[in-house]
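# Topology and contacts: notes
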Amino acid sequence: MLHFLKEFPSARLIRTSNPEIVAQTLNRCGQGRKIAIKAEDIIKSAQKSVGHSSLSKELILPRKIVQLLCLMEQLEEITKILNELCQSIIIEEMEIVTSVSGIGEVMGATFLAEIGSIERFPSYRSLIAYAGLDPAVKQSGKFNGEGK
């Protein structure tokens, strides 16, 4: 949808466009994926839109989208490099972390990069505390305090 918004950054532009051009843009921006929404539905929504048109925003939004797409591409590249480094340098730790259900390569690499050397932590409890995963309940009898 970012690619589509780059082409049509306002409801005004969608309303005033040829439905065939909107459909072609949707298909091109979908990059071969099946698009769940039809061009006619987008045009109808744009016709009902209560948002105001702003020429300056129509100029700014596409440029912001280009920046966002560039940042997303850089993030993907950095994530790939981080994952490759973890796979080649700290193989055993990566295998252990990714053996936990729900933790994949990206989350495992991020976790290992975040904690640094596992030797920094004298026990598993200190690692859990560092990660902020050790809830403390302050409760006694009828008293219910805030946990942390």
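Coordinates for the structure precede this section.
Now for a quick tour of the structure. All values derive from a computational prediction rather than experimental measurement. (Residues numbered from 1 in each chain as written. Predicted model: local features only at pLDDT ≥ 70, side-chain atom pairs only at ≥ 80, totals over all residues. Heavy atoms only, no water.)

### Quick look at the pattern of salt bridges
It is possible for side chains of opposite charge to pair when their charged atoms get near one another. Taken as a whole, this structure holds 2 salt bridges when the rule is applied. Across the salt bridge formed by E7 and R28, the nearest N and O atoms sit 3.5 Å from each other. With E7 in helix 1 (residues 2-7) and R28 in helix 3 (residues 19-29), the pair connects residues that are 21 residues apart, well separated along the chain. You can call E7 partly exposed: its relative accessible area is 40%. (Salt bridge = Lys/Arg side-chain N within 4 Å of Asp/Glu carboxyl O. Helix = DSSP H or I, 4+ residues; strand = E, 2+ residues; numbered from the N terminus. Buried < 20%, exposed > 50% of the residue type's maximum accessible area, 1.4 Å probe, protein only.)

### Notes on the side chain of T25
By the secondary structure assignment, T25 is in helix 3. Sequence-distant contacts of T25, defined by excluding residues within four places in its chain, comprise F4, E7 and F8. (Contact = heavy atoms within 4.5 Å.)

### Topic: the packing of helix 3 against helix 4 (residues 39-48)
Look at helix 3 against helix 4: their axes get within 9 Å of each other, and the N-to-C directions meet at 115°. As helix 3 runs across helix 4, the sense of the crossing is right-handed. Counting all contacts with helix 3, which are made through P19, V22, A23 and L26, the residues of helix 4 involved are A39, I42 and I43. (Axes fitted to C-alpha atoms, helices over the stretch in contact; angles between N-to-C directions. Left-handed = near helix turned anticlockwise from the far one by under 90°.)

### Some details on the environment of L112
The residue L112 is located in helix 7 (residues 105-115) in this model. Considering only alpha carbons, one finds L112 and K48, 64 residues apart in sequence, at a separation of 49 Å. Residues contacting L112, with those up to four places away along its chain left out, are I90, E93, M94 and V97.

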